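The lines below spell out each chain.
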Amino acid sequence: MFVDVIIPLAVEGLFTYSVPEEWRGAAREGCLVIVPFAGNRRYTGVVRATRADAPGGVTLRPIDRVIEEGFSLSADQLRFLLWMSDYYMALPGEVTRAALPVALRLESRTCFMPVDPRPVHEALDEDEERVLRVLRPGEYLSVAEIEKLSRRGDAIPTLKSLLDKSLVTLREQVDDLFKPRRERIVGWSRPFSEEELHAWLDRLRHPHHEILCRWIDHVATTGADTLRVEEFRRLTGATPTTLKTLCNKGIFKIVAREVSRLDEDEGDERPLNPLSAGQALALQEIRAGFEQRDVVLLHGVTSSGKTELYTHLIREALDAGSQVLYLLPEIALTVQIVKRLRRFFGARVGIYHSGMPDGARVETWRRQNGPSPFPVVLGARSALFLPYRRLGLVIVDEEHETSYKQSAPSPRYHGRDAAIMLARFHGAKVLLGSATPSFESYHHATTGKYGLVRLSARHGEVLMPRLILADVVECRQKRLMDGIFTPLLREEMRRVLDAGEQVILFQNRRGYSTYLQCDRCGDIPRCKRCDVSMTYYKSAQRLSCHYCGSARPYPANCEACGEGRYRERSPGTERVEEEVARLFPGARVARLDLEAINRKSKLQGVIDRFEAGALDVLVGTQMVSKGLDFDRVKLVGVIDADTLTSFPDFRVEERAYQLLTQVSGRSGRKGRQGTVVIQASNPGNRVHGWVTRGDFAAFYEALAGEREAFRYPPFCRLIRVELRHAREEPLRHAANALAGLLRERLQRRVRGPARPEISRIQGEHRLHLLVEADGDLSRLKRFLRESAGDLSSRPAFKGVKIFFDVDPL
C-alpha cells in the first residue's frame, strides 16, 4: 500500500510513501501522517490519495505513523483545499499550511545526545567542552535547549564538529501532537457515612481536623464534593503537605481531569427578538431568494437590524439539523457578536480565529470532527478551514471588507469568495450582508447572479445620522483650528459630552505622527529596508516601520543635517487621544488600534467599558468602523477624510465611501438622531457628496461606468503578477522580459510593469504586472505559470521571486 502526501511547505507536487503493515487499516484519503522529508526531518502531511502500485525506478520511504486522534480531513475539506490551490495559484502545501492549526503542523527538531561511554579523543576546544558538559547520557536535547544551557548564541558549528568527531549522535524528534489540558481535582476517596466522618474527626489533630471540618461544611452547604486543588487549599487552608497527608490516610484523593480550553457559555437560551414589519418582509424575501439562488445579498443601511435577521435564519437552519458558519472580517467584532449570539443559542456557538491560543484552535478542530460539533461557528476567514459535516448556511457579514482578503503569505484567497465555494461543495446557502456592498457582489446581485434584498430604514424608525462637512483649509486660513480639531467638531464634542453621551473619533493612522520632517532641511526619516516613512510613537519615543517591524529611537536632531529638529506631521490615533485629553480633561478616553489592543483581554475590556458607559470617547482606526453597536454614541468625528482618497488605486473611492459610511453608521443607533462631522481639506470631493446623500445606487452607477470603460472589476477579472528582487536593475529587466513573454499571446491584456505604491518592503524591490483574466481562466493560469517558469530558468534572472494574486484588492 502506498500514499500520495501533501507536505505543508511551499514545494511543488505530491510525495509518495509506502505504508507499513501496522498502519494500513488507518491510512486513508484525508488523514494526517508523520513522514520523513528533506533528509531526516519529519513533517505532518495530508494523504491526498492511496494507491496499490508504486512509481517505478525509485525507492520509497515509509510513513512514520498515522495521526488518529480525530484530526483527519473530510472529502469535502480536501476538495475545498485543492480548489483553493488551483483557483488562487497557490501550491497545495501552502494551502494545507494555512488550513491546519500550528499545533497540527508538526515539524521535527534536531536533537543531540553524547556517545556513552565517551570515546578517547584529542584535546577539544573550549566551546566543545562547554557543550559536552550540558549534554546528558541517555537524553536527547534540542539545539535551542543546548544553546540555553551552554549560554552559547549559535551552537550548531560546535555540534557539527562534535558530530564529525563521533562524540555525539543526533536524531529528529517530533513532539506530541496535542496535549489535552488537565486539572487536579480533590474529592472524597470513597463515600463516607456520618459515623465514619465523626470517627475521623475524633482521631485527627490540628491542622488536619480543621481542614476536614471546613470541607464537611462546604459539602453540606453547596452539595459539591469535588474542587480544584487550588480552590480546595484556599477554602480549607490546606498546604501541599497537609493535603498529601490526608490523601495518604485515605480520606481524600486527587485525580487529573481533562478540561476544555474553549470559552463555552452554559447560560440559558432566550427567545429571539421579534422582527419589525420591514425585517419580516426582508426575511420572507431572503427565503424566496434561496429557493431560486444559492447566494443572496442583503443590502441594509447601518442599524437596520441585519443581525436580527441573521439570528432568525440561524434558528431555522438549526431546527433543520444544519450547521451555520458566521464569518466576520475582524477578530475584534467577535467580542460583541458572540455575546449577542449566545443570548439566543448558548453553548451551541463556537468561536474560531487566528487570535486564539493554538491549543484552543486544535481542540475546536477536534470537536468539529467529533460526534458533537458546534452547530454554529463564529469566526474570521480561517474558520473556513474547519471540518463541517452538515453545513447548511454561511453568513458573510460586512462582506465588502478588504480584511477578508489575505494579502500574504500564499494562498492569497478572499474569504467571501472562498466561503461561497465552500457552501457549494456542501450544498449550503450563502447570505452576504453589508450597508455598503462590494462592487463585485452588487454587480452580481443587480445582474441576477445573486438574489438581492434591501433594508432601507433603520430599526425602530431611528433617523439616519446628520452628516456635516468641516472645511479644514478654511479654518486654518482663519486660524480657527484648535490643534487638529475644527471649531465645529470641537463644539459638537462639547455638546455631546455635556449631555452624558459618547463620541467616536476615527483616524485611519496609527501612532502619534505618520511621519516626521526636519524644520531645517526637510528630511523625512525613512525605513532602511522599506520604501516608507517611519511612524513616530510618542509614548515609546521610537520610530517604527509598519511593514517590516523595524524600529529605532526617536532622534534628538535631524539624521540628515544634524542641526534641525523633527516636527510631527499628519496625526495618528495616539495624537488624537492626547488632544482629546487636553481639550476635555474630564473625559474618559480610550484607544482602539493594533498597538493599544495587543491582547484579546484588552480588546474585550475596552469594548465592554465603552458599551457600559465607563468611557466617554473612543479613538480608533478602521477597527471602530466595522459593525460595532453602541447605544450611547451620538457623535462620530472623522479627523482627516483626505487620507482615504489620496491613494493611486482604482478602488480608492469605493473604499473611502465604504469606510466613511460605515463609521458614520456608529452614530445615533438608538434614540435621537446622531451627528457625523467629517473634517476634510477638500470638502468638494465627490465621495463626500455621495456619503452625505447616502445614495449608494447613484454612487455605484457613476463609478461602474468608469470601471467598465477602463476594464476594471467587476467587469473583468484581474491577476496580479508580483516580481521581487534585492536589486532594482535585474528586477526591472526581469519584469520587462516577463511582460514581453506574456504580451506575445495576451497582447493588450497585460498592463505594466509598474511600481506599486510601496516599491520596496523588507529589503526587496517590487514591480507589478496586471493581467486581464478573460476567457478560459485555467488556460491563462497555466500559461502564466509556464511563462514564470521560463523566466526563472534563465541565469540572468536568478533570484527573482514571482508571486500570483488572483482577484487582487
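Cut-offs used in this document
Residues numbered from 1 in each chain as written. Predicted model: local features only at pLDDT ≥ 70, side-chain atom pairs only at ≥ 80, totals over all residues. Heavy atoms only, no water. Pairing = 2+ DSSP bridges. Helix = DSSP H or I, 4+ residues; strand = E, 2+ residues; numbered from the N terminus. Axes fitted to C-alpha atoms, helices over the stretch in contact; angles between N-to-C directions. Contact = heavy atoms within 4.5 Å. Salt bridge = Lys/Arg side-chain N within 4 Å of Asp/Glu carboxyl O. Buried < 20%, exposed > 50% of the residue type's maximum accessible area, 1.4 Å probe, protein only. 1 Å grid on protein atoms, 1.4 Å probe; cavity = no way out; pocket = protein on both sides within 12 Å on 5 of 7 lines; lining within 4 Å. Points joined across faces, edges and corners; volume = space filled by probe spheres on them. Nonpolar A, V, L, I, M, F, W, Y, C, P; charged D, E, K, R; others polar. Parallel < 35°, antiparallel > 145°, perpendicular 65-115°, else oblique. Left-handed = near helix turned anticlockwise from the far one by under 90°. Arc of directions from axis to C-beta. Core = buried A, V, L, I, M, F, W, Y, C linked by side-chain atoms within 4.5 Å.

> Residue-level account of the sheet that holds strand 26 (residues 589–592), with values.
Read across the open sheet, the six strands follow the order 19-29-28-20-27-26; overall the sheet is parallel. Where the open sheet ends on each side, the last strands, each with one partner, are strand 19 (466–471) and strand 26. Neighbouring strand axes in the sheet, compared pairwise and without regard to direction, differ in orientation by 20° on average. Against the sheet, helix 18 (residues 573–583) makes contact with strand 20 (502–506), strand 26 and strand 27 (617–620), and its axis sits at roughly 170° relative to strand 26, the strand it touches most. Contacts from helix 20 (residues 652–664) reach strand 19, strand 20, strand 28 (633–638) and strand 29 (675–680), with the element oriented near 155° to strand 28.

> Talk me through the sheet that holds strand 14 (residues 349–352); I want residue IDs and the actual numbers.
Taken together, seven strands build an open sheet; the order of strands is 14-15-13-16-17-12-18 and the sheet is parallel. Taken across any chain shown, the strands that pair with only one partner, and hence form the sheet edges, are strand 14 and strand 18 (451–455). Put simply, the sheet's adjacent strands are angled 20° from each other on average, direction ignored. Judged from the four bridges that link them, strand 14 and strand 15 (residues 376–379) form a sheet pairing that is parallel. Pairing of V349 across the sheet is with V376, part of strand 15. Each of strand 13 (323–327), strand 14 and strand 15 is contacted by helix 12 (residues 331–345), which is oriented at about 160° to strand 14, the strand it contacts most.

> Describe the pattern of salt bridges, with residues and values.
On inspection of all chains with the given rule, the structure shows 56 salt bridges. One salt bridge in this structure joins R42 and D64, with 2.7 Å as the shortest N-O distance. Highlighted residues: R42 in strand 4 (residues 41–51) and D64 in the loop between strand 4 and strand 5 (65–67), separated in sequence by 22 residues. On the basis of relative accessibility, which here comes to 18%, the residue R42 falls in the buried class.

> I'd like to hear about empty space enclosed by the protein, residue by residue, with values.
According to the stated counting rule, one finds two cavities of 30 Å³ or more in the structure shown. In this structure, the largest cavity spans a volume of roughly 100 Å³. Around the largest cavity, the lining residues are H400, E401, T402, H414, R416, S438, E440, R651, E654, R655, Q658 and L809. Here the lining of the largest cavity gets three residues from one element, more than from any other, and that element is helix 20. For the lining of the largest cavity, the residue count by class is one nonpolar, five polar and six charged. Space inside the second largest cavity adds up to approximately 30 Å³.

> Tell me about the packing of helix 20 against helix 21 (residues 686–693), and name the residues and values.
Where helix 20 meets helix 21, the axes come as close as 10 Å, and the angle between the chain directions of the two elements is 40°. Taken together, the axes of helix 20 and helix 21 lie oblique to each other. Considering only the axes of helix 20 and helix 21, their crossing is right-handed. Each of E653, A656, Y657, L660 and T661 in helix 20 lies in contact with helix 21, whose residues at this interface are R686, V687, H688, W690 and V691. Classifying every residue of the contact of helix 20 with helix 21 gives six nonpolar, two polar and two charged.

> So what about helix 4 (residues 143–150)? Which residues, and what values?
Here helix 4 has its buried residues at V143, I146, E147 and S150. Taken end-on, helix 4 shows its buried residues confined to a sector of 100°, consistent with a single buried face. Away from the buried face of helix 4 by more than 90 degrees, exposed residues A144 and K148 are located. Those residues of helix 4 that are buried lie in contact with strand 6 (109–114), helix 3 (126–134), strand 7 (141–142) and helix 5 (156–164). Positive phi appears at R151, one or two residues downstream of helix 4, with a value of about 60°.

> Please give an account of the nonpolar core that cites residues and values.
Core analysis: the largest hydrophobic core is formed by 153 residues, its most contacted members being F80, L325 and L723. Ranked by size, the runner-up nonpolar core spans 19 residues in total, among them F485, L489, V496 and V576.

> So what about the environment of V589? Which residues, and what values?
For V589, the position within the fold is in strand 26. Separated by 83 residues in sequence, V589 and R672 place their C-alpha atoms 23 Å apart. Other than its neighbours up to four places away in sequence, V589 contacts E577, V580, L615, V617 and V619.

Function cannot be read off these values alone, since they describe shape.
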